[in-house]
Amino acid sequence: MTQLFVKNLSVIDFSYFDNRRGILGESWIVDIILTGQLDEQGMVFDFGHVKKKIKHIIDTHLDHCFVISDQTKNLEVLKKNNQTELNWKHITGNYQHISPDTSLLILEAKTVNKVSISKYLEQIIFPQLPKNVDTIEIQLYEEQIEGAYYHYSHGLKKHDGNCQRIVHGHRSKIEIFENHQRNSKLEDYWSACFRNIYIGTKEDITKEFESDGKSYVTFSYTAQQGKFSLTIPKKRVYIMDSDSTVELIAEHVLQECILMQPTNHYVIKAYEGVGKGAIARSPK
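Residues numbered from 1 in each chain as written. Predicted model: local features only at pLDDT ≥ 70, side-chain atom pairs only at ≥ 80, totals over all residues. Heavy atoms only, no water.

Caption draft 1: Summary view of the overall build of the chain. Per the secondary structure count, the chain includes four helices and 18 strands. Computed over the C-alpha atoms, the radius of gyration of the chain is 21 Å, within 12% of the 19 Å expected from 2.2 N^0.38 for a compact globule of 284 residues. Overall, the C-alpha framework of the chain stretches about 65 × 50 × 35 Å when taken along its three principal axes. Pairs at least 24 apart in sequence give 64% of the contacts found in the chain among residues at least 6 apart. Here the chain contributes 34 positively and 36 negatively charged side chains, and the mean placements of these two sets differ by 3 Å. (Helix = DSSP H or I, 4+ residues; strand = E, 2+ residues; numbered from the N terminus. Rg over C-alpha atoms; globule rule 2.2 N^0.38 Å. Contact = heavy atoms within 4.5 Å. Lys, Arg positive; Asp, Glu negative; His and termini not counted. Charge placed at Lys NZ, Arg CZ, Asp CG, Glu CD.)

Below, the structure written as structure tokens:
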């Protein structure tokens, strides 16, 4: 048997419901190992096909999706006309998620974690591999980050791709320079602001209400892929006046820093997942 490996095949940016932390944005790096017999080319699987085929499957079934366990306590699933409505009760409050079927994965596992997601991906990818491939192993892991980072979820209604899905997310680091010096205190502050949070856009709010002593907010919009809605406890939300692209998040953090210290110079380097992001700078 021969093994083929590909490191950093892709990064999965998605969100899932964590029983302790609520809706959680994540960015997991994907490595794969294929075990099998050599084909007529002397290969287990051509690298070019690995990258295209396997990455496409991952992007289609998981990337930029919202994932929830089918064993989530009090979960109610309603399906109609290619739309799925989820309702569930949790100690933090009540949740409702409405979206096209393609933006959601109801995982047949007790818990959503790296092990259950790896197993799911292996099960859907293996049947589409050449017959000489005997096994596939998916390895998922987080970027090693020194310094501040946060988990956030959001949806971008104007995006023409999968970012329009109302609940998808990222695990992102942030770097803030104040007067040309790295300021870890400010980085920690913004990391706390965006920790395990849903970043919502003010104009997408369609309802705010109280129930059983808890405050809730509903975000709704219609995008290219269909109708989306999310009702979530308000304490799990950070509301921005603008949309929540990484460029606008960086600009938002910049303007908030300037409000606190107008005479100081700032450079905000906000990441969106792994290895990409936006930079906002104070006017010269």
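Caption draft 2: Focus on the environment of serine 229. Assignment of secondary structure puts serine 229 in strand β15 (residues 226–233). The spacing of serine 229 and arginine 165 is 64 residues in sequence and 9.6 Å in space, taken between C-alpha atoms.

Caption draft 3: Region of interest: the packing of helix α1 (residues 47–61) against helix α2 (residues 114–125). Direction vectors running N to C along α1 and α2 enclose 120 degrees, while the axes themselves pass 11 Å from each other. If you check the angle between α1 and α2, you find them oblique. Of the two elements, α1 crosses α2, and the hand of that crossing is right-handed. For the pair α1 and α2, contact is made by Ile54, Ile57, Ile58 and His61 and by Tyr120, Leu121, Ile124 and Ile125, respectively. (Axes fitted to C-alpha atoms, helices over the stretch in contact; angles between N-to-C directions. Parallel < 35°, antiparallel > 145°, perpendicular 65-115°, else oblique. Left-handed = near helix turned anticlockwise from the far one by under 90°.)

Caption draft 4: Spotlight on unusual backbone geometry. The backbone of asparagine 179 sits at a positive phi, close to 50 degrees, despite the residue not being glycine. Mapped onto the elements of the fold, asparagine 179 is located in the loop between β10 (168–178) and β11 (181–182). In the Ramachandran plot, asparagine 196 falls in the positive-phi region, its phi being about 50 degrees despite a non-glycine side chain. Locating asparagine 196 in the fold gives a position in the loop between α3 (184–193) and β12 (197–201). With a relative accessible area of 13%, asparagine 196 lands in the buried category. (Buried < 20%, exposed > 50% of the residue type's maximum accessible area, 1.4 Å probe, protein only.)

Caption draft 5: Molecular detail of the pairing of strand β9 (residues 149–154). Summarising burial for β9: five of the six residues are buried, a large majority. Judged from the six bridges that link them, β9 and β10 form a sheet pairing that is antiparallel. By the bridge assignment for β10, tyrosine 152 is matched with histidine 170. (Pairing = 2+ DSSP bridges.)

Caption draft 6: Layout of the sheet that holds strand β8 (residues 133–141). Ordered in space as β7-β3-β1-β2-β8, the five strands form an open sheet in which the pairing is mixed. In this open sheet, the two edge strands, each paired with only one partner strand, are β7 (104–107) and β8. Neighbour-to-neighbour, the strand axes of this sheet turn through a mean angle of 35 degrees, independent of strand direction. The sheet contact formed by strand β1 (residues 2–18) and strand β3 (residues 66–69) spans two bridges and is parallel. Along β3, the bridge assignment pairs tyrosine 16 with valine 67. Along the sheet, α1 makes contact with β1, β2 (22–36), β7 and β8, crossing β1 at roughly 15 degrees. Sheet strands touched by α2: β1, β2, β3, β7 and β8. Its angle to β8, the strand with the most contacts, is close to 150 degrees.

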